[in-house]
Amino acid sequence: QVQLVESGGGLVQAGGSLRLSCAASGSIFSIKPMGWYRQAPGKQRELVAIITSGCSTNYADSVKGRFTISRDNAKNTVYLQMNSLKPEDTAVYYCSAEMVVPDVIRYWGQGTQVTVSS
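Residues numbered from 1 in each chain as written. Predicted model: local features only at pLDDT ≥ 70, side-chain atom pairs only at ≥ 80, totals over all residues. Heavy atoms only, no water.

Counting secondary structure elements, the protein chain contains 0 helices and 11 strands. Relative to the 2.2 N^0.38 estimate, which gives 13 Å for 118 residues, the radius of gyration of the protein chain is 14 Å and therefore close to what a compact globule would have. Along the first, second and third principal axes, the C-alpha atoms of the protein chain reach 45 × 25 × 25 Å. When the 118 residues of the protein chain are sorted by exposure, 42% land in the buried category. If you take every contact in the protein chain between residues at least 6 apart in sequence, the share linking residues at least 24 apart comes to 55%. Summed over its atoms, the accessible surface of the protein chain is roughly 6,200 Å², and 47% of this surface lies on carbon and sulfur atoms. With 11 positive and 8 negative side-chain charges, the protein chain shows a spacing of 3 Å between the two charge centroids. (Helix = DSSP H or I, 4+ residues; strand = E, 2+ residues; numbered from the N terminus. Rg over C-alpha atoms; globule rule 2.2 N^0.38 Å. Buried < 20%, exposed > 50% of the residue type's maximum accessible area, 1.4 Å probe, protein only. Contact = heavy atoms within 4.5 Å. Areas by Shrake-Rupley, 256 points an atom, 1.4 Å probe, with all protein chains shown as cover. Lys, Arg positive; Asp, Glu negative; His and termini not counted. Charge placed at Lys NZ, Arg CZ, Asp CG, Glu CD.)

The following block contains the structure:
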């Protein structure tokens, strides 16, 4: 069974840092783009950052310069280093990946809560 499992969320004070991890497991031929999304209460889910298999990256304007996405292809894992966190970063963070299994299917993780206190 193919799945994405996230870890690393929690409660942090404004200005602090957290690192999220998301590991893909199962019968995977390869993984295409991997990304992080977030959804705050009462808001739509939004893209935070995305990284291609060749490690090209793209970020939401609101997190540029504060968040860094990276991936370890050997471990089928994507990371999100979050620095200088703000209360408005509070949300459930979801990992997503397009995986070749062998069809190309987009998978989502279960979500991890990030809460930034002021």
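Alright, that's what it looks like, and here's the rest.
Between two aromatic rings, the relevant description is the distance of the centres plus the angle of the planes. The final tally for this structure, using the stated rule, is 1 aromatic pair. We note Arg19 situated over the ring of Tyr79; from NZ or CZ to the ring centre the distance is 4.1 Å. Above the plane of the ring of Trp108 lies Arg45, whose end atom (NZ or CZ) is 4.7 Å from the centre. (Phe/Tyr/Trp six-rings, centres within 6.5 Å; stacked < 30°, edge-to-face > 60°. Lys NZ or Arg CZ within 6 Å of the ring centre and 35° of its normal.)

Quick look at the side chain of Asp89 now. Relative to the assigned elements, Asp89 resides in the loop between β8 (77-82) and β9 (91-100). Apart from the residues within four sequence positions on either side, Asp89 is in contact with Arg38, Arg66, Phe67, Ser84, Val114 and Val116.

Moving on: the pattern of salt bridges. Enumeration according to the criterion identifies 4 salt bridges in this entry. Notably, a salt bridge pairs Lys64 with Asp61, separated by 3.1 Å at the nearest N-O pair. By relative accessible area, Lys64 is classed as partly exposed at 47%. When its relative accessible area of 65% is taken as the criterion, Asp61 is described as exposed. (Salt bridge = Lys/Arg side-chain N within 4 Å of Asp/Glu carboxyl O.)

So, about the environment of Gln13. Positionally, Gln13 belongs in strand β2 (residues 10-13). Along the chain, Gln13 and Ser118 lie 105 residues apart, while their C-alpha atoms are 6.2 Å from each other. When neighbours within four sequence positions are excluded, Gln13 is seen to be in contact with Val116 and Ser117.

This next bit is on the state of the cysteines. For the coordinates displayed, the defined rule picks out 1 disulfide. In this model, Cys22 is linked to Cys95 through a disulfide, with the two sulfur atoms separated by 2.1 Å. An S-S torsion of about -80 degrees defines the bridge between Cys22 and Cys95 as left-handed. Of this pair, Cys22 sits in strand β3 (residues 18-25) while Cys95 sits in strand β9, and the two are 73 residues apart along the sequence. You can call Cys95 buried: its relative accessible area is 0%. Here Cys55 stays unpaired: no disulfide links it, and the sulfur of Cys95, its closest cysteine neighbor, is 14 Å away. Given the relative accessible area of 43%, Cys55 is considered partly exposed. (Disulfide = S-S within 2.5 Å.)

Shape is all these values report; function is a separate question.
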